[in-house]
Amino acid sequence: MGDRLETCFDRLRTEGRAGLFPFVTAGDPDLGFTRELLPLMTEAGADGFEIGVPFSDPLADGPTIQRSSMRSLAGGTRLSSVLEMVGEVRADIPDTPLVLMTYYNPIIAMGLAEFVRGASRVGADAVIVPDLPPEEAGTLVGIMNDYPLEPVFMLAPTSTQERIELVTDVGGGFIYYVGQMGVTGARDALDSDLGATLGKINRVKNRPVLVGFGIKTPEQAAEVAGHADGVIVGSALIDVMEAQASREDKMRAACDYIASLREGLDRSKTVS
């Protein structure tokens, strides 16, 4: 199949566009919903997805994603069933990068080798484990080296030069830059140091940088795209779906929101 992430970022670079990677909690409200939603959001303008595996103690996540995790767990979603859903949706969006985001506990419970094998088999492209820093990820990364699965690590506004270089050396796929200190959640304003910190990372990076945490509006997405290769939008997307009652309305609202972000990103590239 080739490297979907690399192909995706090459295409975006050629077109002079920034990537749009929505985050969804798998199984909120159920896995059938997620399975149907991802291809629709691709049509609306998403370039790839971050698929969250629900966890009972999501340390990095704010109230919105915590609620979506609880709804998903209440519906019986587990890591194994998320992998199954990824395999099904892969058939509909064969070229779209699918990145799993899971805390370390579910991976340990499944078994590291079994998880890596399973994620590769269903067509996942990369894995983000927010509570596993690169210094402690050697065993998992070692297993992933034998599979077409990339370990994605995070950098934050407080990351030292040493940490930036470590993540550049050890990681794969892309670098996830946490645009705000604290937990996930849509913000009304972006970090004022964003450009300066991303400048530091851009000088040493060897792969694309995507910015997540805090992006809410098309204008914010466009502002971030001026400094990075793409944006990850999670809480604001889940907020938009939460506000609707029916499945159809949730899907429509999600796609309209993604289309508005895509338009904002593309407009910013034509202006610059």
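Please refer to the structure higher up on the page.
Residues numbered from 1 in each chain as written. Predicted model: local features only at pLDDT ≥ 70, side-chain atom pairs only at ≥ 80, totals over all residues. Heavy atoms only, no water.

### What about the overall build of the protein chain?
The number of helices and strands found in the protein chain is twelve helices and nine strands. Here the C-alpha radius of gyration of the protein chain, 17 Å, is about what a compact globule of 272 residues would show, namely 19 Å. Considering the protein chain as a whole, with its 272 residues, one finds that 55% of them fall into the buried category. For the protein chain, the computed accessible surface area is about 11,200 Å², with 51% contributed by carbon and sulfur atoms. (Helix = DSSP H or I, 4+ residues; strand = E, 2+ residues; numbered from the N terminus. Rg over C-alpha atoms; globule rule 2.2 N^0.38 Å. Buried < 20%, exposed > 50% of the residue type's maximum accessible area, 1.4 Å probe, protein only. Areas by Shrake-Rupley, 256 points an atom, 1.4 Å probe, with all protein chains shown as cover.)

### Details of the packing of helix H8 (residues 161-170) against helix H9 (residues 194-204)
Where H8 meets H9, the closest approach of the two axes is 10 Å, and the angle between their N-to-C directions is 45 degrees. The orientation of H8 relative to H9 falls into the category oblique. The chirality of how H8 crosses H9 is right-handed. Mapping the contact onto sequence places Gln161, Ile164 and Thr168 in H8 and Lys200, Ile201 and Val204 in H9. Taken together, the residues of the contact of H8 with H9 sort by class into three nonpolar, two polar and one charged. (Axes fitted to C-alpha atoms, helices over the stretch in contact; angles between N-to-C directions. Parallel < 35°, antiparallel > 145°, perpendicular 65-115°, else oblique. Left-handed = near helix turned anticlockwise from the far one by under 90°. Contact = heavy atoms within 4.5 Å. Nonpolar A, V, L, I, M, F, W, Y, C, P; charged D, E, K, R; others polar.)

### Observations regarding the packing of aromatic side chains
In the structure shown here, the tally under the stated rule is five aromatic pairs. Seen from their ring centres, Phe9 and Phe174 are 6.4 Å apart, and the 65 degrees between their planes marks the pair as edge-to-face. In this pair, Phe9 sits in helix H1 (residues 4-15) while Phe174 sits in the loop between H8 and strand E7 (175-178), placing the two residues 165 residues apart along the sequence. Each of the two residues, Phe9 as well as Phe174, counts as buried. With a centroid separation of 6.1 Å and an interplanar angle of 55 degrees, the aromatic rings of Phe21 and Phe174 are classed as tilted. A residue pair is termed long-range when its members are at least 10 positions apart, and Phe21 in strand E1 (residues 19-25) and Phe174 in the loop between H8 and E7 qualify at 153 residues. Classification of Phe174 by relative accessible area gives buried; the value is 1%. Clustering of aromatic rings is evident, with ring pairs tying together Phe9, Phe21 and Phe174. (Phe/Tyr/Trp six-rings, centres within 6.5 Å; stacked < 30°, edge-to-face > 60°.)

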